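# Working through the structure, step by step
Now for the letters of each chain:
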Amino acid sequence: MAQDVRVRYTRRVIQEAFVELLREMPLNKVTVKEICRRGEINRATFYRHYADPYDLMDKIEEGLLEQLEDYVEQSVVDGFQKTMEGMLRQVVKNGGVYQVIASANGDPRFSQRLSELCWRQLSGQTAARFPGLSAVQQRWLYEFLAQGCGGILRNWMAGGMAEPPEETAAFLGRLTEQVEFAAGRLQTDGK
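Residues numbered from 1 in each chain as written. Predicted model: local features only at pLDDT ≥ 70, side-chain atom pairs only at ≥ 80, totals over all residues. Heavy atoms only, no water.

Scanning the entire structure with this criterion turns up 3 aromatic pairs. Residues Phe46 and Tyr47 carry aromatic rings whose centres are separated by 5.4 Å and whose planes lie at 85° to one another, so their mutual orientation is edge-to-face. Assessed through its relative accessible area of 0%, Phe46 is described here as buried. Between Trp119 and Tyr142 the ring centres are 5.1 Å apart and the planes differ by 50°, which places this aromatic pair in the tilted class. Here Trp119 is found in helix H7 (residues 109–129), whereas its partner Tyr142 is found in helix H8 (residues 135–158), with 23 residues between them in sequence. Looking at Tyr142, the relative accessible area reads 9%, which means it is buried. An aromatic cluster of at least three residues, connected via ring pairs, comprises Phe46, Tyr47 and Tyr50. (Phe/Tyr/Trp six-rings, centres within 6.5 Å; stacked < 30°, edge-to-face > 60°. Buried < 20%, exposed > 50% of the residue type's maximum accessible area, 1.4 Å probe, protein only. Helix = DSSP H or I, 4+ residues; strand = E, 2+ residues; numbered from the N terminus.)

To continue, consider the environment of Glu40. Topologically, Glu40 is positioned in the loop between helix H2 (32–39) and helix H3 (43–49). Sequence separation between Glu40 and Gly159 is 119 residues; the distance between their C-alpha atoms is 31 Å.

Take the confidence of the model for the protein chain next. Mean pLDDT over the protein chain stands at 87; residues scoring 70 or higher make up 96%. When mean pLDDT is compared element by element in the protein chain, H2 scores highest at 97, while helix H6 (residues 95–102) scores lowest at 81. (pLDDT = per-residue confidence, 0-100.)

What follows is about a negative patch on the surface. On the surface, a cluster of negative charge is contributed by Glu62, Glu66, Asp70 and Glu73. As for its placement among the helices and strands, Glu62 is situated in helix H4 (residues 53–78). (Patch = residues over 30% accessible without salt bridge, like charges linked within 9 Å, V, L, I, M, F, W, Y side chains within 5 Å. Areas by Shrake-Rupley, 256 points an atom, 1.4 Å probe, with all protein chains shown as cover. Salt bridge = Lys/Arg side-chain N within 4 Å of Asp/Glu carboxyl O. Lys, Arg positive; Asp, Glu negative; His and termini not counted. Charge placed at Lys NZ, Arg CZ, Asp CG, Glu CD.)

With that settled, the discussion passes to the nonpolar core. By size, the foremost hydrophobic cluster in this structure holds 39 residues, and its most contacted members are Phe18, Leu22, Ile35, Phe46, Leu56 and Trp156. Among the elements of the structure, helix H1 (2–24), H2, H4, helix H5 (80–93), H6, H7, H8 and helix H9 (165–189) are those that each provide at least two residues to this core. Here this core gets 7 residues from one element, more than from any other, and that element is H4. If near-sequence neighbours (up to four positions away) are discounted, Leu56 is found in contact with Ile14, Gln15, Phe18, Ile35, Phe46 and Tyr50. Ranked by size, the runner-up nonpolar core spans 5 residues in total, among them Leu133, Leu141, Leu145 and Ala183. (Core = buried A, V, L, I, M, F, W, Y, C linked by side-chain atoms within 4.5 Å. Contact = heavy atoms within 4.5 Å.)

With that settled, consider H2. Every buried residue of H2 is listed here: Val32, Ile35, Cys36 and Gly39. When H2 is viewed along its axis, its buried side chains cluster within an angular range of 95° and face the same direction. In H2, the exposed positions angled more than 90 degrees off the buried face are occupied by Lys33 and Arg37. Remark: Glu40 follows H2 within two positions and exhibits a positive phi of approximately 55°. (Arc of directions from axis to C-beta.)

See the structure below:
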């Protein structure tokens with residue numbers, strides 16, 4: 001038990017030092033030496049937990065994606081807006097990490113990984129709601145919504161998350177409803 005506490009503490013220290021460095025420089029410039037200096041640990045300690053800064057980034061992203069996956073799964077029950085509120089509260093709670101990963105210094109693959117996770121979870125819902133759209137059109141609809149919501153969220157984070165999660169989620173919810181309404185018309189019009 002005591003070892004688990006030390007391991008969690010050490011990983012947190014390493015991750016916090018890493019995030020601080022990402023605020024200042026791109027991922028490809030971050031070194032193990034600098035992470036260790038910031039975190040006041042030695043290199044052997046770092047390598048006990050991570051192979052390199054890219055492995056560290058990957059592990060941080062995996063943790064974030066696991067947290068967000070729970071919200072996406074719950075969206076089937078709670079609906080888009082309530083789920084989005086929960087996700088945005090999680091982003092505010094861990095804002096520094098999300099802001100850095102979504103920034104130019106972060107990992108450009110993260111948003112794609114998140115989008116793919118959501119598609120895997122929501123593609124069945126999309127097919128059930130829009131059976132009149134072809135599989136390709138259903139994917140287009142999803143990409144349109146995902147890219148639009150992603151752009152708004154990146155802008156929201158870059159702006160310091162000044163608007164409350166509830167307000168942001170409500171706006172995204174209204175936009176999504178309008179797009180889904182239009183998609184429903186497309187499938188009934190046969191166009």
